[in-house]
Amino acid sequence: MAAPLTRQSRNDSGIHLAVPILKQRFGDRCETGQAIREQHGHTTTWIPTEAPDAVVFAESADDVTAVVDICREHGVPIVPFGVGTSLEGHVNAPLGGVCIDFSRMNRVLHVHDEDLTCTVEPGITRKALNAYLRDRGLFFPIDPGADATIGGMCATRASGTNAVRYGTMRDNVISLEAVMANGEKITTASRAKKSSAGYDITRLLIGSEGTLGIITAVTLKLSGIPEAISAAVCPFPSVEAACQATIATIQSGIPVARIELLDALQMKAVNAHSKLDLAETPTLFLEFHGSAAGVAADSEAVAAIAEDLGGGPFHFSTRAEERTRLWQARHDAYFAAIGLRAGCTVFSTDVCVPISRLAECVEETRADLEALDLIGPIVGHVGDGNFHVLILMDPEDMAERDRASEFLERLAKRAIDMDGTCTGEHGVGQGKMKYLRRELGGTVDVMRAIKAALDPDGLLNPGKIFQ
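Our subject in this report is the structure included herewith.

Definitions and cut-offs
Residues numbered from 1 in each chain as written. Predicted model: local features only at pLDDT ≥ 70, side-chain atom pairs only at ≥ 80, totals over all residues. Heavy atoms only, no water. Helix = DSSP H or I, 4+ residues; strand = E, 2+ residues; numbered from the N terminus. Rg over C-alpha atoms; globule rule 2.2 N^0.38 Å. Buried < 20%, exposed > 50% of the residue type's maximum accessible area, 1.4 Å probe, protein only. Contact = heavy atoms within 4.5 Å. Areas by Shrake-Rupley, 256 points an atom, 1.4 Å probe, with all protein chains shown as cover. Lys, Arg positive; Asp, Glu negative; His and termini not counted. Charge placed at Lys NZ, Arg CZ, Asp CG, Glu CD. Axes fitted to C-alpha atoms, helices over the stretch in contact; angles between N-to-C directions. Parallel < 35°, antiparallel > 145°, perpendicular 65-115°, else oblique. Left-handed = near helix turned anticlockwise from the far one by under 90°. Nonpolar A, V, L, I, M, F, W, Y, C, P; charged D, E, K, R; others polar. Pairing = 2+ DSSP bridges.

Within the protein, the regular secondary structure consists of 17 helices and 18 strands. Compactness check: the protein gives a C-alpha radius of gyration of 22 Å against a globular reference of 23 Å for 467 residues, within 12% of the reference. In the protein, buried positions account for 57% of the 467 residues. Look at the contacts in the protein between residues 6 or more apart in sequence, and 73% of them connect residues 24 or more apart. Surface summary for the protein: the accessible area is close to 19200 Å², and the carbon and sulfur share equals 51%. Charge-centre separation for the protein: the mean point of 44 positive side chains lies 3 Å from the mean point of 61 negative side chains.

Turning next to the packing of helix H15 (residues 398-417) against helix H16 (residues 433-440). The N-to-C vectors of H15 and H16 enclose an angle of 20°; their axes lie 10 Å apart at closest approach. When the axes of H15 and H16 are compared, the pair comes out roughly parallel. Between H15 and H16 the crossing geometry is right-handed. From H15, Leu-408, Glu-409, Ala-412, Lys-413, Ile-416 and Asp-417 reach across to H16, where they touch Lys-434, Tyr-435, Arg-438 and Glu-439. Its residues assigned to classes, the contact of H15 with H16 shows four nonpolar, no polar and six charged.

Next up on the list: the sheet that holds strand E16 (residues 345-352). Strand order across the open sheet formed by seven strands is E15-E12-E14-E13-E17-E18-E16, with antiparallel pairing between neighbours. Among the strands making up the open sheet, the edge pair consists of strand E15 (315-317) and E16. Going from strand to strand, the sheet's axes swing by 15° on average, the running direction of each strand aside. Sheet topology note: the strand E12 (residues 228-235)/E15 ladder contains three bridges and is antiparallel. Within E15, the position partnered with Ala-232 by the bridge is Phe-316.

So, on to the pairing of strand E14 (residues 283-290). Counting buried positions over the eight residues of E14 gives seven, a clear majority of the element. By the bridge criterion, eight bridges tie E12 to E14 in an arrangement that is antiparallel. Counterpart to Ala-231 in the pairing with E14 is Glu-287. In this sheet, E14 lies alongside strand E13 (residues 256-262) in antiparallel orientation, the contact comprising six bridges. Within E14, the residue paired with Leu-261 across the bridge is Leu-284.

Structure (structure tokens):
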């Protein structure tokens, strides 16, 4: 294996030399004000902010190459930034350095309707992309909830509510253009539907969290907008019954597009936040895509499964405004949960287990929350065994913080022991580094070797995935 990466401390002298050069090269597109630096080091969870020393607003791949060349010459870390919606400290700058903001690289470069592909710059958000594609009858299906950038979604291997049918970013990216740590710009693959040409560098960069290369363009698979879409909601007497209904639906081969679980506490929060009047019991939100006849048949099949497990009534609708209201409420679950406890801090975490262990894992997690006297709504993309817990705690109560930390440790261990993962879609970042070796063992050393080979100076998003 390669030797450990050596850059472990802040390089003040290099930063002092590099920032003026960047200011000269980029003018007012290189910002050093405290407020904007802190905005680019912020996290949306409990991890403290660690701001960069400068923020460069890139407008082209050549700009990215220029930043990399200057930073490499002076030994300065580089942190890519989309819109900052990640939850595990991915955009923090623990060693300082330069943040590259991609908000101005937000163009659709090409759409190949006949091939169901498009190529975009990394700063375009998923909602902006789908607005652009709508009139062509196409859409990009990956929906992590937040209006994240496509580049950030690649970097964190995002998935979300549609993953049960359409897969994750890993399944929907054909090719990447990236600037590597040595300043070289590469394209990882052609637009061909499949290839056996060497290592799969596309998949290597997806999920690498900006530690191996900086993405400057993405070629994506697209899908046709379905002829019919039906959304449904179904309450259950228990979390276990809802999970068993999910398992039965998947095992029956019903092509459900989304299947989401909200526990009773999360339903209470959603009702209050989104002004709904749904039953405050464990509930599945579902969506079906296909022909009108197919959607109706699939809905009826799932309704029958739910009834056998004590669920119901099963309500579904094909009206766009009702579907939008329902899924907006689901996407707002994070903000709804905050409303349960004024002035709280949120510990947000996720795990993923084989679907056969899902009900057991959720029930044991719920029991842990009660035993540790924690408030923690549960919501999950249960169609693929992934769920999230939002722990609401008083930031001034250190005893409660300690209990929350204990809960996170127990949850990660439980998922790994069930042959699952400590993170289904949040990524490792800073927050889950300590669980990685327990989950993957010596594979972590292989990751370190790859990192050392591609980024020997440890300048690309340091302090993420592993120290």
